[in-house]
Amino acid sequence: MPVHNPSTTDLINSLPKAELHLHIEGTLEPELMMALAAKHQVNLPYATIDDVRVAYNFDNLQSFLDLYYLGASVLRDEDDFYHLMWNYLCKCREDNVVHVEMMFDPQTHTERGIDFAVFMSGFSRAMTQAEKEWGQSSLLIMSFLRHLSEDSAFETLAAAAPYLSVITAVGLDSSELGNPPEKFARVFAKAKELGLMRVAHAGEEGPPEYIWSALHDLDVHRIDHGVRSVEDPTLMQELVSRQMPLTVCPLSNIKLCVFDHMSEHNLLTLLDHGVMVTVNADDPSYFGGYLNDNYHALAAHLSINEQQVKILASNSFKASFLSDEQKNYWLQQILAY
Ligand code: HPA
Ligand code: ZN
């Protein structure tokens, strides 16, 4: 593995960063998965924790999603959701991720008969505790599963009504191909009416047309992934002129075979064209690394330099849903490095 400059390593670890593309269900580590499977007597097709790690070899998005939904099936009671969130927020503290905007997938749980009250209480308890203990800043993005129907998304939005004061945005995830953003145009219009911000996965496996659709039909504030935008020069110009953030997830893209190798990742091409690129972990337990690991992989294989690390960290705040005052505070902190 190529070696990168040790001072870049230190900079990555010590800079304050925001994380904007993170699925809380994707932070379920094999240890917690096996412990909860034993607690609730869930039969998983793994005998040991090592078996779980061996299974994490994916050919594409769908092969990952199949295991991701299987893993999530061990999350049953309030305490399970609390521990899932707590473990991740402790990792944020360790990585200097001072602010995080996390996706959660209600339908993954409501479809199994687990009510909003159960997971929202567990999430909120951990978020409040982390805020109190070390000032961790965090907010929630409620994501709709795009392989399910528009009706199911509308039902989910209605069920979320009592919790809208602690939900900042809606998102769109799961199987992209065959489920274009326009399928959810009316749901996103309703979410906008309710005062929610909007993000959507587009251009991970899907073509540039899906990114156009997310912009036009869903009126999004950010595109999750969006790496296939490089195939359409007009789209690239549009992203640059709008300064539309892309939440890119390098290790995820390698694990799901979007690129063959990190040295072939197009993050620097996007950055050099002036796209508002950010770095994120997506589903760190499944993809082999948390936020700092993603930055380190870019340093090792794309030789990103200290200036680029600072630009990416700054972009993570600029592209966030923080207030201008909070953004400026963190941007000033980065300038001091
Ligand atoms: N893409 C789509 N859906 C997802 C992902 C992803 O990377 N992670 C969790 N759900
Ligand atoms: Zn994602």
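A short tour of the structure in this document, coming up. Note that this is a predicted model, so its numbers are computed, not measured. (Residues numbered from 1 in each chain as written. Chains lettered and ligands numbered in written order. Predicted model: local features only at pLDDT ≥ 70, side-chain atom pairs only at ≥ 80, totals over all residues. Heavy atoms only, no water.)

### So, the overall build of the protein
- Assigned secondary structure in the protein consists of 17 helices and eight strands.
- Whereas a compact globule of 337 residues would reach a radius of gyration of roughly 20 Å, the protein reaches 19 Å, a difference of no more than 12%.
- Along the longest, intermediate and shortest principal axes, the C-alpha atoms of the protein span 50 × 40 × 40 Å.
- Taking all 337 residues of the protein together, the buried fraction comes to 58%.
- Considering only contacts within the protein whose residues lie at least 6 apart along the sequence, 76% involve residues at least 24 apart.
- If you sum the accessible surface of the protein, you get close to 13100 Å²; carbon and sulfur atoms cover 51% of it.
- Measuring between centres, the 22 positive side-chain charges of the protein sit 5 Å from its 46 negative side-chain charges. (Helix = DSSP H or I, 4+ residues; strand = E, 2+ residues; numbered from the N terminus. Rg over C-alpha atoms; globule rule 2.2 N^0.38 Å. Buried < 20%, exposed > 50% of the residue type's maximum accessible area, 1.4 Å probe, protein only. Contact = heavy atoms within 4.5 Å. Areas by Shrake-Rupley, 256 points an atom, 1.4 Å probe, with all protein chains shown as cover. Lys, Arg positive; Asp, Glu negative; His and termini not counted. Charge placed at Lys NZ, Arg CZ, Asp CG, Glu CD.)

### Focus on the site of ligand 1
- H23, L61, F64, L65, Y68, D173, S174, H201, E204, H225, D282 and D283 make up every residue found near ligand 1.
- Between a nitrogen atom of ligand 1 and a side-chain N or O atom of H23, the distance comes to 3.2 Å.
- Between ligand 1 and the protein, one listed contact pairs an oxygen atom with a side-chain N or O atom of H225 at 3.3 Å.
- Protein contacts shield 100% of the accessible area of ligand 1, which totals 260 Å² for the unbound molecule.
- In the shell around ligand 1, the residues fall into four nonpolar, four polar and four charged. (Near = heavy atom within 4 Å. Polar contact = N/O pair within 3.5 Å; in protein donor to acceptor, adjacent residues only side chain to side chain. Nonpolar A, V, L, I, M, F, W, Y, C, P; charged D, E, K, R; others polar.)

### Things to note about the environment of H99
- When you line up the elements, H99 lands in strand β2 (residues 97-104).
- Sequence separation between H99 and L322 is 223 residues; the distance between their C-alpha atoms is 8.8 Å.
- For H99, the residues in contact, after removing those within four places along its chain, are K17, A18, E19, Q136, S137, S138, L139, F317, S320 and L322.
- Within the structure, H99 has its side chain in polar contact with the side chain of E101 (distance 2.7 Å).

### Some details on helix α7 (residues 116-134)
- A rise of 1.5 Å per residue sets the reference length of α7, with its 19 residues, at 27 Å; its end C-alpha atoms lie 27 Å apart and thus fit the reference within 8%.
- Considered for burial, the residues of α7 that qualify are F116, F119, M120, G122, F123, A126, M127, A130 and W134. Here the buried residues of α7 occupy an arc of 165 degrees about the axis, which is enough to place them on one side.
- In this structure, the buried side of α7 is in contact with α5 (78-95), β2, α6 (106-110), β3 (137-145) and α8 (150-159). (Expected span 1.5 Å × (residues − 1). Arc of directions from axis to C-beta.)

### Observations regarding the packing of helix α1 (residues 6-14) against helix α16 (residues 306-318)
- The N-to-C vectors of α1 and α16 enclose an angle of 10 degrees; their axes lie 10 Å apart at closest approach. Judged on the interaxial angle alone, α16 and α1 are roughly parallel. Crossing angle aside, the handedness with which α1 passes α16 is right-handed. Of α16, the residues touching α1 (which contributes S7, T8, L11 and I12) are E306, V309 and K310.
- Taken together, the residues of the contact of α1 with α16 sort by class into three nonpolar, two polar and two charged. (Axes fitted to C-alpha atoms, helices over the stretch in contact; angles between N-to-C directions. Parallel < 35°, antiparallel > 145°, perpendicular 65-115°, else oblique. Left-handed = near helix turned anticlockwise from the far one by under 90°.)

### Here's the deal with the pattern of salt bridges
- If you walk through the whole model with that rule in mind, you get 13 salt bridges.
- R53 serves as the salt-bridge partner of E31, at 2.7 Å between the closest nitrogen and oxygen. One end of the pair, E31, is in helix α2 (residues 30-40); the other, R53, is in helix α3 (residues 49-55), and 22 residues separate them in sequence.
- Its relative accessible area of 38% is what places E31 among the partly exposed residues.
- Its salt-bridge partner being R125, residue E78 comes within 2.7 Å of it at the nearest N-O pair. Taken together, the positions of E78 in helix α5 and R125 in helix α7 put the pair 47 residues apart, joining distant regions of the chain.
- Note on E78: relative accessible area 22%, which makes it partly exposed.
- Connected through shared salt-bridge partners, K39, D77 and D80 make up one network. (Salt bridge = Lys/Arg side-chain N within 4 Å of Asp/Glu carboxyl O.)

### Let's talk about the packing of aromatic side chains
- Scanning the model with the defined rule gives 21 aromatic pairs in all.
- An angle of 70 degrees between the planes, with centres 5.7 Å apart, marks the rings of F104 and F123 as edge-to-face. One end of the pair, F104, is in strand β2; the other, F123, is in helix α7, and 19 residues separate them in sequence. The exposure classification of F104 matches that of F123, with both residues buried.
- Between the aromatic rings of F116 and F119, the centroid separation amounts to 5.0 Å while the plane-to-plane angle is 50 degrees, which identifies the pairing as tilted. Residue F116 and its partner F119 are located together in helix α7, separated by three residues, close to a single helical turn. Each member of the pair, F116 as well as F119, carries the same accessibility label: buried.
- Aromatic rings pair up to connect Y56, F58, F64, Y68, Y69, Y286 and F287 into one cluster.
- When the ring centre of Y82 is taken as origin, the NZ or CZ atom of R125, which lies over that ring, is 4.1 Å away.
- Across from the ring centre of F321, 4.4 Å away, lies the NZ or CZ of R222, which sits over that ring. (Phe/Tyr/Trp six-rings, centres within 6.5 Å; stacked < 30°, edge-to-face > 60°. Lys NZ or Arg CZ within 6 Å of the ring centre and 35° of its normal.)

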